[in-house]
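# Analysis of the macromolecular model
One-letter residues, chain by chain:
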Amino acid sequence: MNIFQLCLTLITFPFIVHVSGGGQWCYTSQHSTCGPDHWKDISHSCGGDHQSPINIEKMKAKRDSRLESITFQGYDQAPPGQWKLMNDGHSVLLSLSGDMYISEAGLPNKYKALQFHFHWGSPNKDGSEHTVDGKQFPLELHIVHMNTKFNSITEAKKDPQGLAVLGILITVGETENSNYSTLVAAMKNVSLEGDSTVVSTFPLEKLLPPQNQLSRYYRYQGSLTTPDCSEAVIWTVFEHPISISRAQHQILTDTAYFSAQGEVLLKMTDNFRPPQPLKSRKVLASKDATARSSSALQASVFTLTLLYLTAILLHD
Ligand SMILES: *[C@@H]1O[C@H](CO)[C@@H](O)[C@H](O)[C@H]1NC(C)=O
Ligand SMILES: *[C@@H]1O[C@H](CO)[C@@H](O)[C@H](O)[C@H]1NC(C)=O
Ligand SMILES: [Zn+2]
């Protein structure tokens, strides 16, 4: 082995160790051999028929007028204590403590908020997981909830109604969003895999779209968007994106690394899974979301046309 080969080995060694462990997965931005196309090789579910994310086609979504406003419980106050934010090597994740729940709006039970995390591209590239009419957004926030009839994630992941995730699309605009400043400021403390920091709690509703937009969402049955891709998620993706400033976007997408201490530094970019085939699933639109005209409206248009034609015929 010459000196050049030795150097190359030393440089790549930590990375090879990291990706070659049993069941390791990654994003294509890290390595081409363990990205989303290969996930089904380590977890069978990733090749299933109810995978997430998806592309939401507004005009193909089926209106369900029973999908009214979600009931948020405990979302309006900062719970006691502190929260832990960490870099888990795939995303930046905040482990929630406190009693925050969602229910109603077509959910079969009450679901407890467990954690939230983000998916993104880079400072100049979009990176949401869900796309809407083919359009990708700069970032996406996922707030993960577990059905209160289960005591553990392991149990919940075995049930198609075990988890409920809220997806919030994030755009970049002119003004700073003070609701995200705690998180943005804490990013510098979680730049490496395994890093963690404590942050003050805040009312979780600060991360959601404005109150008057919460009744507009899309609903479908899907999966976790990372291995093991369990098909256990009732998805709710809000139609209205929230907005952060360019500077906030820059910090959120350009501070974290996939790498742990001592490894070759690789920026955490493009940590999103591309849209998966819808297969036989239907996307439902809530009562107030944009969708194709409801079947009730189509029926009445049809009836009116028929009456009109009958009237013309009778007249002659
Ligand atoms: C970052 O970590 C330092 C050291 O633990 C702490 O003093 C500081 O408050 C943290 N900053 C933020 C914004 O979380
Ligand atoms: C911040 O959160 C509050 C409470 O949910 C909301 O009323 C406000 O519109 C949010 N601000 C922005 C800029 O989104
Ligand atoms: Zn996610």
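For clarity, every value in this text was computed on a predicted model and none was experimentally measured.

### Overview of the site of ligand 2
Around ligand 2 lies a shell formed by Asn-177, Asn-179, Glu-205 and Lys-206. Between Asn-179 and ligand 2, the recorded distance is 2.4 Å, taken from a side-chain N or O atom to an oxygen atom. A distance of 3.4 Å separates an oxygen atom of ligand 2 from a polar backbone atom of Glu-205. Bound to the protein, ligand 2 loses 48% of the 360 Å² it would expose on its own.

### Some words on the coordination of the zinc ion (ligand 3)
In a perfect tetrahedron of four donors around a metal, the angles come out at 109.5 degrees. In a perfect octahedron of six, they are 90 or 180 degrees. Around the zinc ion (ligand 3), the protein supplies His-117 (NE2), His-119 (NE2) and His-142 (ND1) as donor atoms, at distances of 2.0 to 2.1 Å. For the zinc ion (ligand 3), the single-chain donor residues occur in sequence as H-x1-H-x22-H. One end of the pair, His-119, is in strand S7 (residues 111-120); the other, His-142, is in strand S9 (residues 139-147), with 23 residues separating them in the sequence. Each member of the pair, His-119 as well as His-142, is classed as buried.

### Quick look at unusual backbone geometry
Residue Ser-52 is joined to Pro-53 through a cis peptide bond whose omega torsion reads 0°. Summarising the element assignment, Pro-53 is placed in the loop between helix H2 (39-42) and strand S1 (55-56). The amide bond that connects Pro-227 to the next residue, Asp-228, takes the cis arrangement and shows omega of 20°. Located in the positive-phi region is Cys-229, a residue other than glycine, with phi close to 55°. Mapped onto the fold, Cys-229 is located in the loop between strand S12 (217-222) and strand S13 (233-238).

### Overview of the pattern of salt bridges
Within the structure shown, the criterion is met by 11 salt bridges. Between Lys-125 and Asp-270 there is a salt bridge; the shortest N-O distance is 3.1 Å. A residue pair is termed long-range when its members are at least 10 positions apart, and Lys-125 in the loop between S7 and strand S8 (131-132) and Asp-270 in the loop between helix H5 (246-254) and strand S15 (284-285) qualify at 145 residues. A relative accessible area of 39% means that Lys-125 is categorised as partly exposed. In this structure, the salt-bridge partner of Lys-149 is Asp-159, at a minimum N-O distance of 4.0 Å. Here Asp-159 lies in the loop between helix H3 (153-156) and strand S10 (163-173) and Lys-149 lies in the loop between S9 and H3, a separation of 10 residues in the sequence. Each of the salt bridges in this network shares a partner with another, and the network as a whole consists of Lys-58, Arg-216 and Glu-239.

Calculation notes
- Residues numbered from 1 in each chain as written.
- Chains lettered and ligands numbered in written order.
- Predicted model: local features only at pLDDT ≥ 70, side-chain atom pairs only at ≥ 80, totals over all residues.
- Heavy atoms only, no water.
- Near = heavy atom within 4 Å.
- Polar contact = N/O pair within 3.5 Å; in protein donor to acceptor, adjacent residues only side chain to side chain.
- Areas by Shrake-Rupley, 256 points an atom, 1.4 Å probe, with all protein chains shown as cover.
- Donors = N, O, S within 2.8 Å, 3.2 Å for Na, K, Ca; no water.
- Helix = DSSP H or I, 4+ residues; strand = E, 2+ residues; numbered from the N terminus.
- Buried < 20%, exposed > 50% of the residue type's maximum accessible area, 1.4 Å probe, protein only.
- Salt bridge = Lys/Arg side-chain N within 4 Å of Asp/Glu carboxyl O.

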